[in-house]
Structures are given as C-alpha cells and as structure tokens.
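Here are the chains, one letter per residue:
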Amino acid sequence: LFGKETIGITDADVGSYLMLKVIAGVITGSFMLYYAKKIKYTSILYAITAIALFIPISLLIYSNSTILGAYFFLGGVIFTLYKISIEGILLEISDNQNRTVYIGIIGAGSILPVLFPIFGGWLIPRFGFNVFFLLFAFIILFSFIFINRLNCKK
C-alpha cells in the first residue's frame, strides 16, 4: 500500500517484490540449516528485531522505488527467522509436561500478525504512514526487553 500510494508501483511490481520475499526465505532457510548449531535463538531474535526496526525508520527517512525490493527481501528474512526461532524457543523452554501448552501459545501468538494489519488499515487513512511507521517502530523496541529476559540454552 505504501509503495502504491507514495511511489506508484504497479501490480506487476508487487509480484516481483513478493518473489524477492520468497527468495529471501529460501536463502535464509538454507543459511540457517548450514549454521544451525552455531547460532543461538536469542541472536536470531536480536537480528529480527534490528531488521524489523530498520525498515520503518528507513522508510520514514528515505523511500524510493529502487530500494523497495530490499524491504521485501528483508521482510522475507524476518519472516523465515521468526518462524524458525519462535517455535524452537517455545519447545526449548518447555518440558514434556507443558509442551502442549506452549504449542498452543505459538498458535495464539499468530493472532497479532493478523490483527496488526487490520489496525494499520484503520490507522493509515486517519493519521498517515508516518504515524503507523512510528507506532510500529515503538512496538518493536519493546521486543528488546523481552529478548533480554529470555533464558535459552541454545
């Protein structure tokens, strides 16, 4: 929506950008497979948070159609790392007795990625993209608090 309204990208461009997101997911998944034993979950979460914070802040400062593909690529990296880390972390911190509860938490945690775009669809027409990006960045900053409190062995 941001690219269409501010930069003027076409539907064909969106398809290309989504392909970049998929390609990023494949590359990131392959990288993680190779380095799985060397990378800690908390490091992955810090990387996700840093990248996710970079995107809205850089969009506030500089938006251009030539780098819009990079944002989609980074979105694919974030999505893949998130899926790998969140399920692994919840399984690691649980034991056999409460594992089903934590798997349920994974499912319940999936509601936020559904609700936030709906909220964004309400917020953007009323206040604009800048307010949405600032709110998004502010929410992401809270992630650092929770990552610091996480006690993972791996």
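Residues numbered from 1 in each chain as written. Predicted model: local features only at pLDDT ≥ 70, side-chain atom pairs only at ≥ 80, totals over all residues. Heavy atoms only, no water.

> Just checking my understanding: could you explain the packing of helix H6 (residues 112-127) against helix H7 (residues 129-149) for this structure?
At a minimum axis separation of 7 Å, H6 and H7 run at an interaxial angle of 140 degrees. Classed by the angle they form, the pair H6 and H7 counts as oblique. For the pair H6 and H7, contact is made by Phe116, Phe119, Gly120, Leu123, Ile124 and Phe127 and by Phe129, Val131, Phe132, Leu135, Phe136 and Ile139, respectively. Among the residues forming the contact of H6 with H7, the class breakdown is 11 nonpolar, 1 polar and no charged. (Axes fitted to C-alpha atoms, helices over the stretch in contact; angles between N-to-C directions. Helix = DSSP H or I, 4+ residues; strand = E, 2+ residues; numbered from the N terminus. Parallel < 35°, antiparallel > 145°, perpendicular 65-115°, else oblique. Contact = heavy atoms within 4.5 Å. Nonpolar A, V, L, I, M, F, W, Y, C, P; charged D, E, K, R; others polar.)

> So what exactly am I meant to see when it comes to H7 here?
Counting along an α-helix, one turn takes 3.6 residues, and residues three or four places apart therefore face a common direction. With 21 residues, H7 should reach 30 Å at 1.5 Å per residue; the first-to-last C-alpha distance of 32 Å fits that figure. Of all the residues in H7, the buried ones are Phe129, Phe132, Phe133, Ala137, Ile140 and Ile147. One face of H7 carries all of its buried residues, which in axial projection span an arc of 130 degrees. Along H7, the residues that are exposed and aim more than 90 degrees away from the buried face are Leu134, Phe146, Asn148 and Arg149. (Expected span 1.5 Å × (residues − 1). Buried < 20%, exposed > 50% of the residue type's maximum accessible area, 1.4 Å probe, protein only. Arc of directions from axis to C-beta.)

> Looking at this model, I keep getting lost on the side chain of threonine 42. Mind explaining?
Mapped onto the fold, threonine 42 is located in helix H3 (residues 41-61). The class for threonine 42 is buried, based on a relative accessible area of 18%. Excluding residues that lie within four positions of it along the chain, threonine 42 makes contacts with Ile147 and Leu150.

> What exactly am I supposed to notice about the packing of aromatic side chains here?
Each pair of aromatic rings is reported with the distance of its centres and the angle of its planes. Going through the model one piece at a time under the given rule, you end up with 13 aromatic pairs. Measuring from ring centre to ring centre gives 6.1 Å for tyrosine 46 and phenylalanine 144, while their planes differ by 25 degrees; the resulting arrangement is stacked. Here tyrosine 46 is found in helix H3, whereas its partner phenylalanine 144 is found in helix H7, with 98 residues between them in sequence. For tyrosine 46, a relative accessible area of 29% corresponds to the partly exposed category. You can call phenylalanine 144 partly exposed: its relative accessible area is 25%. Their ring planes at 85 degrees and their centres at 5.1 Å tell us that phenylalanine 138 and phenylalanine 142 sit as a pair that is edge-to-face. Pair noted here: phenylalanine 138 and phenylalanine 142 are both in helix H7, with a separation of 4 residues, about one helical turn. The structure contains a cluster of three or more aromatic residues connected by ring pairs, namely Phe116, Phe119, Trp122, Phe127, Phe129, Phe132, Phe133 and Phe136. (Phe/Tyr/Trp six-rings, centres within 6.5 Å; stacked < 30°, edge-to-face > 60°.)

> Is there a simple way to think about the side chain of threonine 80 in this case?
As for its position among the elements, threonine 80 is in helix H4 (residues 68-93). For threonine 80, a relative accessible area of 14% puts it in the buried group. Look past the residues within four positions of threonine 80 in its chain and what remains in contact with it is Gly25, Thr28 and Gly29.

> What should I look at first to understand the environment of leucine 20 in this one?
In this fold, leucine 20 is placed in helix H2 (residues 11-35). Among the residues examined, leucine 20 registers a relative accessible area of 29% and is labelled partly exposed. Here the alpha-carbon distance between leucine 20 and tyrosine 82, two residues 62 residues apart in the chain, equals 17 Å. Apart from the residues lying within four places of it in its own chain, the contact partners of leucine 20 are Gly69 and Phe73.

> Please explain H6 as it appears in this structure.
For H6, which comprises 16 residues, the first-to-last C-alpha distance of 21 Å matches the rise-based estimate of 22 Å (1.5 Å per residue) to within 8%. Looking only at H6, the buried set comprises Phe116, Gly120, Leu123 and Ile124. Looking one or two residues beyond H6, the residue adopting positive phi is glycine 128, at roughly 95 degrees.

So far we have only geometry, and geometry alone does not tell us how the molecule works.
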